[in-house]
Amino acid sequence: MDIYLAQSLEQHLKRHSSGRQYGILYGIRPLQLDDTMIGLMCTFVDEECLQSSEALRHHLDTNNMILPTGLHVIGLVDFTKSPHNYRDGLSEAQYEYLRLLHEFCESQDQQVARVVVLVEDSDEIPRRKLQFRGFVWKSLTDPTVQSSPVIWKSYEAIHQDLAYFRLNAVIDSAITPTNSRHGLAKALEQKLQDLQVDNKNDYAYGLHGDNSVILLPSTPATVVANPNMGATSPTTSIKDFLTAYSKREAKEAKPLKSDGISSLSDVTQGFLPESLVEMNLFSNATDARSLHGSSPLLTIGEGATQLIRLSIDCFIVCSKSKTLAKLVEVVEDAKRKQLNSILYFIRRWALFYSKPDELQVPMPFHVINGPNLLTLYTAPNDEVLDEFLGEIYDRFGYTPELPVLRKECSLRSRLVMSKRNILDIGDKLVTGPNSKFLKESSDWELTKVLGSYTYHHYKQDRFDDDGWGCAYRSLQTLFSWFKLQGFTKAPVPHHEQIQRLLVEIKDREKSLIGSKQWIGAMEISRTLEQLLGIQCRIVYVQAGRDLGTAFAALKSHFETEGTPVMIGGGVYAHTIGGVAVNRTTGEVKALVVDPHYVGEDNVDLVFKKNGVAWRTPEFWDQNAFFNLCCPLRPRLSPSTRA
């Protein structure tokens, strides 16, 4: 049996495995013993958690609430480098912990965990070059362990085997609170419990925006398909359904102009495919069991009845080999799981509501960071949410100092911001056409912005600032980094807002407002300090010929702070998104994210016109002096808001 792991997971483990003991591997498990296993995510745990059945159950139950439906525990990841001579190449601890996971999954009527992945340092560069070895445990009754290769797969390759769905709907419910304290919360608890009861006549699911296929979770499951979808039935595989739908789309869909910005796959770094299937939820309005049929029914009771809207928004991952009938079961499970999660957070957060008769229903939002797709929930206030997130950051390899799990970092926020500006995420802007030097020689050491930001340049937002607004646009790029990393809820400031702030703090004269006057690195620093409450380090460079040394020093900035840098000098301002230093020759290049670019927000066009390009220090005026504005990110505790 082969063990396939997502390449993004490999990178994540390499970055965050230092000091770790164990991890629990999540993925898609095979139906047959000789099938492959596909690992997509990993949560970190310590030995103490694995040794306590109560702690392990809490860890796994919480994961179940926030991970996509369809992902299950498939095994254990070991970072401890313990001896592997107990049985069939495993240590005694590895064998015992896998057995505990095995038993837990079996108690939950899930397919059992059978994989162990050992993560070991190579002799060359500890924790930089890791080796992965896989083992597969046959079953609990036959604990034979077999060595298995670990094969890394791109998301593009994984998408050949897996299908991704998103159920997005609302459920409106009328509830009558009791007269007790927190009566509204208690009434909603009861409603959520009622909604989780398995009643297959209450709901149906439509696939794609046009509901070309309706799934009815009756017994047995029923499929109602558009005639254009061909012979689609409950036994049709998901793969065949997607193929039929794609063919129909190719015939009927009108060609759309692509702006190169808002690709779902692009925004999620390939985690979600463009073929993501949107699902709608339909409620049965004519319940045959009711004595009143579909007639209006007025019920009079104590207390004021309130209408509560529950948001259902969840992701589902499953093998394309599953049938549509099996898909119905998975979708039903996803709906129940999310209703149960909402119930959990209402109970957990009920005491934090400002008044007993007020209730903020938790709303799901999604965060994609590295290999992880997490569904989190809004809270009564930011402090309460951060208290919960404090449990999640370390579990998935993050730090609260970089609040990437806040709502400001959600998938929706990324998609909204990417509609207007090019979103730099991963290596998107680093690997442009003139980056070939990075691949041609291993002597180049690259450091770049940590996290994502949006590219701002001349004439965006239908505002003509050509010839004077380059520093303003650079400031917008810097600000976008803080927004996309969850440090602020505020929108990216526009030119006049920046000008008014500088006048308010008496940095510039009132004549600046509404003018075309330039600003520089010092003004950008003061603006960011006022808007974000941060500090900026200003690096002074006496002449352009000395920029090579200054750029080499930015390596430390990108490693520790990770923020984009603004450089101003002469008559130009630019943004720097990374530096590359040649270890042999000492040559230095900077990734220039140029605010002087004018044109469509299309990545290919930006590269063609050198809007984003690697530059040597000779690109700048060799005789002019320069200031580099290097923003310092806040050092946050889990309960601190920026």
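- In the nomenclature of an unreviewed UniProt entry, the chain is known as UFSP1/2/DUB catalytic domain-containing protein of Ramazzottius varieornatus.

## Observations regarding the packing of aromatic side chains
For step 1, the next point in the chain: Inspection of the entire model under this criterion finds 20 aromatic pairs.
For step 2, the next point in the chain: Centroid distance Phe551 to Trp620: 5.2 Å. Interplanar angle 65°. Geometry classified as edge-to-face. Placement of the pair is Phe551 in helix H16 (residues 547-560) and Trp620 in the loop between strand E24 (612-615) and strand E25 (626-632), with a sequence separation of 69 residues.
For step 3, the next point in the chain: Take Trp620: its relative accessible area is 5%, and that puts it in the buried class.
For step 4, the next point in the chain: Taken together, Tyr344, Phe345, Tyr377 and Phe388 form an aromatic cluster joined through their ring pairs.

## Some points on the sheet that holds strand E11 (residues 213-216)
For step 1, the next point in the chain: Sheet architecture is open: six strands sit in the order E12-E11-E10-E13-E9-E14, paired in mixed fashion. The two strands at the open ends of the sheet, each matched to only one other strand, are strand E12 (222-225) and strand E14 (306-319). Direction aside, neighbouring strands of the sheet carry axes that sit 20° apart on average.
For step 2, the next point in the chain: Here four bridges tie E11 to E12, and the two strands are oriented antiparallel to one another. The partner of Ile214 across the bridge, within E12, is Val224.
For step 3, the next point in the chain: Contacts from helix H9 (residues 324-349) reach strand E9 (162-175), strand E10 (203-207), E11, E12, strand E13 (277-283) and E14, with the element oriented near 135° to E14.

## A short note on the nonpolar core
For step 1, the next point in the chain: Leu215, Leu405 and Phe551 are the most contacted members of the largest nonpolar core, which has 185 residues in total.
For step 2, the next point in the chain: With 12 residues, H9 is the largest single contributor of residues to this core.
For step 3, the next point in the chain: When residues no more than four places from it in sequence are discounted, the contact partners of Leu215 are Ala204, Tyr205, Leu207, Thr222, Val223, Met279, Leu324, Leu327 and Val328.
For step 4, the next point in the chain: Residues Leu98, Val116, Phe135 and Trp137 belong to the second largest nonpolar core, which totals seven residues.

## Quick word on the pairing of strand E1 (residues 3-6)
For step 1, the next point in the chain: Across the two faces of E1 the burial is the same, with Ile3 and Leu5 and Tyr4 and Ala6 all buried.
For step 2, the next point in the chain: As defined by bridge partners, E1 adjoins strand E8 (residues 150-153) across four bridges and the pair is classed as parallel. From the neighbouring strand, Leu5 faces E8, where its bridge partner is Trp152.
For step 3, the next point in the chain: Two strands pair when backbone bridges link them, and E1 and strand E3 (residues 37-45) are joined in this way by three bridges, in the parallel orientation. Across the sheet, the residue bridging to Tyr4 is Ile38, located in E3.

## Looking at unusual backbone geometry
For step 1, the next point in the chain: Unusually for a residue other than glycine, Arg462 sits at a positive phi of about 55°.
For step 2, the next point in the chain: In this structure, Arg462 sits in the loop between strand E19 (453-455) and helix H13 (470-484).
For step 3, the next point in the chain: We classify Arg462 as exposed; its relative accessible area is 88%.
For step 4, the next point in the chain: Here Lys506, not a glycine, exhibits a phi torsion of approximately 60°, which is positive.
For step 5, the next point in the chain: Relative to the elements of secondary structure, Lys506 occurs in the loop between helix H14 (495-504) and helix H15 (521-532).

## Quick notes on the environment of Ser525
For step 1, the next point in the chain: Inspection of the secondary structure assignment puts Ser525 in helix H15.
For step 2, the next point in the chain: In this view, Ser525 contacts Cys536, Ile538 and Cys629; residues no more than four positions away in its chain are not counted.

## Focus on the packing of helix H3 (residues 53-66) against helix H10 (residues 382-395)
For step 1, the next point in the chain: Two numbers describe how H3 lies on H10: the axes approach to 12 Å, and their chain directions differ by 95°. Here H3 lies roughly perpendicular to H10, going by the angle between them. When H3 is examined against H10, the residues His58, His59, Thr62, Asn63 and Ile66 are found in contact with a partner set consisting of Phe388, Glu391, Ile392 and Arg395.
For step 2, the next point in the chain: When grouped by side-chain class, the residues that make up the contact of H3 with H10 number three nonpolar, four polar and two charged.

## Concerning the packing of H3 against H9
For step 1, the next point in the chain: Packing of H3 against H9 brings their axes to within 9 Å, and their N-to-C directions diverge by 115°. Note on element contacts: H9 touches H3 through Lys337, Ser341, Tyr344 and Phe345, opposite His58, Asn64 and Met65.
For step 2, the next point in the chain: When its residues are assigned to classes, the contact of H3 with H9 shows three nonpolar, three polar and one charged.

## Let's talk about a nonpolar patch on the surface
For step 1, the next point in the chain: Taken together, the side chains of Trp518, Val571 and Tyr572 define a hydrophobic patch exposed on the protein surface, amounting to about 340 Å² of accessible area.
For step 2, the next point in the chain: On the secondary structure map, Val571 appears in the loop between strand E21 (565-569) and strand E22 (572-582).
For step 3, the next point in the chain: On the basis of relative accessible area, Val571 is assigned to the partly exposed category, the value being 46%.

## Details of the pattern of salt bridges
For step 1, the next point in the chain: Throughout the structure, instances matching the rule amount to 18 salt bridges.
For step 2, the next point in the chain: Residues Asp394 and Arg20 are paired through a salt bridge, measuring 3.1 Å at the closest nitrogen-oxygen approach. Separated by 374 residues along the polypeptide, Asp394 in helix H10 and Arg20 in the loop between helix H1 (7-16) and strand E2 (22-28) bring together distant segments of the chain.
For step 3, the next point in the chain: Put simply, Glu391 and Arg348 hold a salt bridge, and the shortest N to O gap is 2.7 Å. With Glu391 in helix H10 and Arg348 in helix H9, the pair connects residues that are 43 residues apart, well separated along the chain.
For step 4, the next point in the chain: What makes Arg348 partly exposed here is its relative accessible area of 21%.
For step 5, the next point in the chain: A cluster of three or more residues bridged by salt bridges with shared partners is formed by Glu445, Lys555, Glu559 and Arg583.

## Considering the side chain of Ser8
For step 1, the next point in the chain: For Ser8, the position within the fold is in helix H1.
For step 2, the next point in the chain: For Ser8, a relative accessible area of 16% translates into the label buried.
For step 3, the next point in the chain: Setting aside residues up to four positions removed in sequence, Ser8 forms contacts with Tyr155, Gly370 and Pro371.

## Quick word on the environment of Thr80
For step 1, the next point in the chain: With respect to the helices and strands, the residue Thr80 is situated in the loop between strand E4 (72-78) and helix H4 (92-107).
For step 2, the next point in the chain: A relative accessible area of 29% means that Thr80 is categorised as partly exposed.
For step 3, the next point in the chain: For the pair Thr80 and Glu47, spaced 33 residues apart in the sequence, the C-alpha separation amounts to 9.9 Å.
For step 4, the next point in the chain: Among all residues touching Thr80, those that are not within four sequence positions of it are Gln21 and Tyr22.

Basis of the calculations
Residues numbered from 1 in each chain as written. Predicted model: local features only at pLDDT ≥ 70, side-chain atom pairs only at ≥ 80, totals over all residues. Heavy atoms only, no water. Phe/Tyr/Trp six-rings, centres within 6.5 Å; stacked < 30°, edge-to-face > 60°. Helix = DSSP H or I, 4+ residues; strand = E, 2+ residues; numbered from the N terminus. Buried < 20%, exposed > 50% of the residue type's maximum accessible area, 1.4 Å probe, protein only. Pairing = 2+ DSSP bridges. Axes fitted to C-alpha atoms, helices over the stretch in contact; angles between N-to-C directions. Contact = heavy atoms within 4.5 Å. Core = buried A, V, L, I, M, F, W, Y, C linked by side-chain atoms within 4.5 Å. Parallel < 35°, antiparallel > 145°, perpendicular 65-115°, else oblique. Nonpolar A, V, L, I, M, F, W, Y, C, P; charged D, E, K, R; others polar. Patch = residues over 30% accessible without salt bridge, like charges linked within 9 Å, V, L, I, M, F, W, Y side chains within 5 Å. Areas by Shrake-Rupley, 256 points an atom, 1.4 Å probe, with all protein chains shown as cover. Salt bridge = Lys/Arg side-chain N within 4 Å of Asp/Glu carboxyl O.

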